[in-house]
Amino acid sequence: MQDAELNQTFYEGQTIHHPKSWLTKYVFSQDHKTVAIQYFSLSLLTGVVGVILSMVMRLQLGFPGLFDISPDTYYQSITMHGMIMVIYLLTAILLGGFGNFLIPLMLGARDMAFPFVNMMSVHFYALSVILLFASYLVPGGPTGAGWTLYPPQVLLPGTPGYDWGIVMMILSVAVFIIAFTMGGLNYVTTVLQSRARGMTLMRMPLVIWCIFLATVIGLLAFPALLVAGIMLLLDRLIGSSFFMPDIFQFGQHVTNVFGTEYEGGSPLLFQHLFWFFGHPEVYIVALPMFGIVSELISCHARKNIFGYKMMVWALIAITAVSFIVWAHHMFVAGMNPVLGFFFATTTLIIAIPTAIKVYNWVLTLWKADIHMTVPMYYAVGFIFTFIIGGLGGLFLGNVSVDVELSDTYFVVGHFHVVMGISPILALCGGVHHWFPLITGRTMNNFLGKIHFWGTFAGAYLIYIPMHYLGLGGVLRRYYDFKGLAYVSDSLHDMNVFITLASIVVGLIQFLFLFNIVWSYFKGKKVEKNPWKATTLEWQTTTMPPGHGNWPNKLPTVHRGPYDYSVPGASEDYIPQNVPLEAETEGGSSHE
Amino acid sequence: MNDLVKDWSSDVSTFKIRWSKAMMWIFLISDTFIFGTFLISYMAIRLTVVDSWPDTSQVFALHVGGTDVPLLLIAIMTFILISSSGTMAIAVNAANKKDKRKTGIFMLLTVLGGIAFVSMQAFEWTKLIVDEGIRPWGNDFGAQQFGSFFFMITGFHGLHVLIGVIYLSIVSKRVLAGRYDGIDDYQIVEVAGLYWHFVDLVWVFIFAFFYLW
C-alpha cells in the first residue's frame with residue numbers, strides 16, 4: 001500500500017517493474033486495467049446465467065406445463081435471476097469494471113490508491129460468484145424466496161432452499177459486500193486523493209463523478225444489507241427470532257433449528273433494512289449509467305455538456321435523497337400510513353434532479369454536431385428508455401396508485417425498463433465507446449446496430465405489455481394462472497407474446513458477446529483516440545495504455561473535460577492536458 | 001463556504017492527508033453504518049416485542065461479597081477500554097515525535113488493554129450462558145431477543161476489538177523492529193489509532209444503549 005503512494009510521488013521519470021509471468025500478469029495482477037477486465041469478463045459470464053434463468057421463467061409463464069419446469073425451479077430461477085442481475089452483474093460491472101478501468105486513467109493517476117486491495121477485491125468477487133452457484137449443489141438447491149429474501153417466508157418449510165440455499169445466498173452476498181468494500185474504498189480514495197495536477201473536482205469527467213458518488217452510496221448502503229443478512233443467518237442457524245414472528249404453519253408453531261418456537265420478531269424490520277440497501281442500490285446502478293451516457297453524448301455530439309455544474313449538483317442531490325426514499329417499496333407492507341405520505345413525497349422529489357439530468361442531455365444534443373455512431377445510438381436509446389421508465393415510476397411512487405399496482409406485472413415492467421434495459425443500453429454504449437481503448441480495435445458497427453435495434457425495440461415489445469398485464473391485475477411471482485377467472489384469455493395470449501419477444505431479445509444479447517470476442521481478434525485496428533475525445537484516458541502515449549498508464553511524467557490538466565467545438569480552435573476538440581495558451585482563444589474551461 | 005468548496009475541490013488531493021489515513025476514515029464511516037444499523041434494529045425490536053425486556057442491572061450484576069453489584073464487570077471493562085484509548089493516544093503522540101521505543105511500548109499497553117477487555121467479555125459470556133442460562137432463543141428474564149441481540153452486538157464488537165488487537169500487535173512489532181525508520185513515516189501508527197479509537201467510541205454507544213437503558 002505504501003509503495004504505490006511512493007511510486008506516485010517519486011517515480012516520475014524512473015523505470016518501474018512490469019510483471020513478467022503469466023500468473024502475475026493476468027491472475028494476481030494489481031494493474032487496475034487487468035482488474036477491470038477480470039471484473040468485466042466474470043460479471044458478463046454471470047450475466048449470461050441470469051439471462052438463461054429469465055428464459056426459464058418466461059417459458060413457464062408463456063407455455064405453462066409444456067417444458068416440465070417445476071414450481072421450485074421457477075422460484076429458484078426468480079431469486080437467482082434477480083440477485084445475479086442486480087448485484088453480481090450490474091453492480092460489479094459498472095463499479096468494478098468501468099470504475100476500475102476509468103478512474104485512474106481519467107484522473108491521470110498511475111493506478112488505484114491501493115492496488116493490492118484492488119486485486120483482493122476481484123478475487124473476493126470471484127469467490128462470491130462461486131458461492132452463489134454452489135447453492136445449486138447444496139441439499140434443496142438455492143433459495144426461492146425472491147431476491148428480496150423476505151422473512152418469514154424465506155425460512156419456512158415449503159419455500160425451496162429454506163434450509164441451506166438461504167445460508168449459501170447470505171454467505172455469497174456477505175463475501176460480495178467485502179469485495180465491494182475493498183474496491184469501493186479504493187475508488188473513493190483514488191478520486192479524492194490522487195488526481196493529476198490541475199484536475200480539480202469540477203474538472204472531473206461526469207462519469208467519474210457518477211462512479212464516485214455511486215461508490216459512496218454503496219459504502220453507506222451495503223452495511224444495511226450485511227446486517228440484515230447476518231440477522232437472518234442467525235435466525236436460521238442459532239435460533240434467534242430477529243425477524244421471525246410467532247407463526248403457525250399447518251396448525252403447528254414454526255420452530256427453529258433447536259426445536260424451540262420462533263416468537264416476537266419483526267418481519268417489517270427486515271424490509272426496512274433490506275430496502276435501506278435496496279433503494280440506494282438502484283442509484284448505485286443508475287448513477288454510473290448516467291455518467292457513461294453523459295460522456296457518450298458529449299463526445300459523439302461534439303459539444304460541451306449542457307450545465308456541467310448543474311449536472312454535478314443534481315448528482316449530489318440524487319445521492320443525498322436516495323437514502324430517504326426506501327420505504328416506497330413497502331406501501332403495502334403494513335407500516336404506518338403517515339410514513340407512506342413522507343416517502344411518496346421524497347420519491348417524487350428525487351425525480352427533479354433526475355429530470356434536470358435528462359433535460360441537460362437533450363439540451364446538449366440540441367443543435368449539436370451529432371455523429372450517429374453506435375455509442376450515440378445507445379445513448380439516445382437510453383434517454384428514451386429511461387424517460388419511459390421514469391414515467392412509470394410516477395405511478396408507483398404515489399401511495400394510492402401503488403396500492404393497486406403493487407406486486408403486479410406493472411412493477412416488473414417498470415423496474416426492468418429502468419434497471420434492466422437502460423443499464424444494458426448504457427453499458428453496451430460504454431463498451432462500444434471504450435473498446436478501442438482496451439484493445440486497440442473497434443467493435444463491429446453492423447453487429448452493434450443489430451444488437452441496438454433488437455434490444456431497444458424488443459424492450460418495448462416485452463415491457464410495455466407487462467405494464468398492461470399489471471393494469472389487468474396479473475400478479476407477479478405466480479407460477480401459473482390456471483383457473484384464475486379474472487386473467488382473461490387475451491392476457492394469456494399476451495404472456496405468450498412476451499415470452500416469444502423475450503426469447504428473441506435474449507438471443508440478441510449473445511450477439512453482443514459474440515461481437516466483443518470477434519472484435520477482440522478481428523476488429524478493425526484504429527489509431528490513437530479514434531473518437532477524438534478530450535478526456536485523459538485517450539491521451540496516453542500508447543493505446544491501449546501500458547502498465548503504469550503514463551510512461552514518464554503524469555499529465556497536467558489545464559481545462560474542463562468537454563472542450564468540444566471550441567470557437568477559434570484549430571480542431572473541434574481540445575484534450576484536457578493541452579495548455580491554455582497552446583490554442584488561440586476562447587478556451588471554455590469551467591473554473 | 002465558497003472558500004471551503006474551493007479548498008476541497010482543488011487539484012491532486014481533496015484532504016491534505018496520506019492515502020492510508022483517508023481510506024481508514026472512509027472505512028470507518030462505512031463501519032459506523034454497520035454498528036448504527038445493529039443498534040437501530042435493536043431499538044426497533046426492543047420497542048415492539050410483546051414480552052417485557054429484562055432488567056439489565058439485574059442481569060449484568062456481579063455477586064461480590066454477599067451482595068449483587070449491578071454493572072460492576074461492565075464498568076471495569078469500559079474503564080479498561082477507554083484507558084486503552086488513552087495509551088493509544090500517547091503512542092500516536094510519541095510516533096509523531098519519532099520516539100520509536102515509547103511508541104512501541106504504549107501500543108503494546110493498548111494491546112494488553114484490548115486483550116483484557118476481550119478476556120473479560122469471554123468471562124461475561126460464559127457467566128451468562130452457563131450460570132444464567134441465557135440463549136439466543138430464550139432466557140428466564142424476559143423477551144428472547146435480549147439474548148440474541150446481546151450476543152450478536154457484543155460479539156460483533158468483540159470481533160472488532162480482536163482484529164484491533166492483532167492489527168496493533170503487528171504494527172507495534174514493526175515499529176519496534178524499525179521498519180518505518182527508513183521511509184521516515186510513522187503515520188501508520190496514527191491510522192491504527194483511528195481504528196482503535198473508533199472501536200472504543202462504538203463501545204460507548206453499546207454500553208449506553210444496551211447496558212444502561
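Keep in mind it's a predicted model, so treat the numbers as computed, not measured. (Residues numbered from 1 in each chain as written. Chains lettered and ligands numbered in written order. Predicted model: local features only at pLDDT ≥ 70, side-chain atom pairs only at ≥ 80, totals over all residues.)

Turning to the overall build of chain A, a few remarks are in order. Looking only at helices and strands, chain A features 16 helices and two strands. Taking 25 Å as the expected radius of gyration for a compact globule of 591 residues, we find that chain A reaches 24 Å, a close match to that expectation. With respect to the three principal axes, the spread of C-alpha positions in chain A is 80 × 50 × 50 Å. Of all 591 residues assigned to chain A, the portion counted as buried reaches 53%. Looking at chain A alone, contacts between residues at least 24 apart form 79% of all its contacts between residues at least 6 apart. (Helix = DSSP H or I, 4+ residues; strand = E, 2+ residues; numbered from the N terminus. Rg over C-alpha atoms; globule rule 2.2 N^0.38 Å. Buried ≥ 20, exposed ≤ 12 C-beta atoms within 10 Å, placed from the backbone. Contact = placed C-beta atoms within 7 Å.)

Another aspect to go through is the overall build of chain B. Of regular secondary structure, chain B possesses seven helices and two strands. Taken from N to C terminus, the helices and strands of chain B fall in the order α-α-α-β-β-α-α-α-α. By its C-alpha atoms, chain B is 60 × 45 × 25 Å across when sized along the principal axes. For chain B, buried positions account for 35% of its 213 residues. Partitioning the intrachain contacts of chain B with sequence separation of at least 6 by distance along the chain shows that 73% fall at a separation of at least 24.

The next point concerns the interface of chain B and chain A. On the side of chain A, 40 residues touch chain B, which itself brings 35 residues to the contact. For the side of chain B that touches chain A, the elements supplying multiple residues, two or more each, are helix H2 (19-48) and helix H6 (145-176) of chain B. Take the side of chain B that touches chain A: its biggest share by element is 15 residues, from H2(B). Among the residues forming the side of chain B that touches chain A, the class breakdown is 19 nonpolar, 13 polar and three charged. (Nonpolar A, V, L, I, M, F, W, Y, C, P; charged D, E, K, R; others polar.)

Residues and elements named next belong to chain B. Across its 25 residues, helix H4 (residues 72-96) extends 37 Å between first and last C-alpha, which sits within 8% of the 36 Å expected from 1.5 Å per residue. Every buried residue of H4 is accounted for by Ile-74, Met-77, Leu-81, Ser-84, Met-88, Ala-91, Val-92, Ala-94 and Ala-95. Residue Lys-98 follows H4 closely and has a positive phi angle near 60°. (Expected span 1.5 Å × (residues − 1).)

Further remarks concern helix H15 (residues 445-471) of chain A. The end-to-end C-alpha distance of H15(A) is 39 Å, a good match for the 39 Å that 27 residues give at a rise of 1.5 Å each. Immediately downstream of H15(A), the backbone of Gly473(A) shows phi near 90°, a positive value.

Two strands pair when backbone bridges link them, and strand S1 (residues 61-64) of chain B and strand S2 (residues 67-70) of chain B are joined in this way by four bridges, in the antiparallel orientation. Across the sheet, the residue bridging to Ala61(B) is Pro70(B), located in S2(B). (Pairing = 2+ DSSP bridges.)

Note that predicted coordinates carrying low pLDDT should not be read in detail. Here chain B shows a mean pLDDT of 90. Residues at 70 or above account for 99%. Predicted as a complex, the structure gets a pTM of 0.94 and an ipTM equal to 0.94. (pLDDT = per-residue confidence, 0-100.)

Here we take up the packing of helix H12 (residues 374-397) of chain A against helix H14 (residues 409-439) of chain A. Residues and elements named next belong to chain A. Packing of H12 against H14 leaves a shortest axis separation of 8 Å and a crossing angle of 160°. Overall, the two elements H12 and H14 adopt an arrangement that is roughly antiparallel. Helix-helix and strand crossings are classified by hand; for H12 and H14 the assignment is left-handed. Among the residues making up the contact of H12 with H14, the classes are represented as 15 nonpolar, eleven polar and no charged. (Axes fitted to C-alpha atoms, helices over the stretch in contact; angles between N-to-C directions. Parallel < 35°, antiparallel > 145°, perpendicular 65-115°, else oblique. Left-handed = near helix turned anticlockwise from the far one by under 90°.)

All names here are of chain A. The amide bond that connects Pro-151 to the next residue, Pro-152, takes the cis arrangement and shows omega of 0°. Structurally, the position occupied by Pro-152 is in the loop between helix H5 (115-134) and helix H6 (165-193). Even without being glycine, Arg-477 reaches a positive phi, approximately 60°. Looking at the secondary structure, you find Arg-477 in the loop between H15 and helix H16 (489-522). Phi is positive for Lys-532, close to 55°, though the residue is something other than glycine.

Residues and elements named next belong to chain A. Scored by pLDDT, chain A has a mean of 91; 96% of the residues are at 70 or more. In this model, residues 1-13 is a region of pLDDT below 50 whose contacts with residues beyond four sequence positions or in other chains number 20 contacts. Ignoring residues within four places in sequence, the model shows residues 584-591, a span with pLDDT below 50, making 22 contacts including any to other chains.

Our next topic: the environment of Lys357(A). Residue and element names in this part refer to chain A. Within the secondary structure, Lys-357 is located in helix H11 (residues 351-365). A count of 24 C-beta atoms within 10 Å places Lys-357 in the buried class. Residues within four places of Lys-357 in sequence aside, it is in contact with Phe-290, Met-311 and Ala-314.

This part covers the packing of H4(B) against helix H7 (residues 187-212) of chain B. Geometry of a packed helix pair, given as the angle between the helix axes and the separation of the axes. Residues and elements named next belong to chain B. Axis separation between H4 and H7 bottoms out at 10 Å; the angle between their running directions is 160°. Relative to H7, the element H4 lies roughly antiparallel. Judged by the sense of rotation from one axis to the other, the crossing of H4 with H7 is left-handed. Contacts between H4 and H7 involve Ile-74, Thr-78, Leu-81, Ile-82, Ser-85, Met-88, Ala-91, Val-92 and Ala-95 from the first element and Val-189, Glu-190, Gly-193, Trp-196, His-197, Asp-200, Trp-203, Phe-207 and Tyr-211 from the second.

Counting residues in each nonpolar core, the largest one holds 225 residues, and the members touching the most others are Ile208(A), Cys210(A), Ile211(A), Leu287(A), Val293(A) and Tyr378(A). Not counting residues up to four positions away in its chain, the partners in contact with Tyr378(A) are Leu296(A), Leu425(A), Ala426(A), Cys428(A), Gly429(A), His432(A) and Phe452(A). (Core = buried A, V, L, I, M, F, W, Y, C linked by C-beta atoms within 7 Å.)

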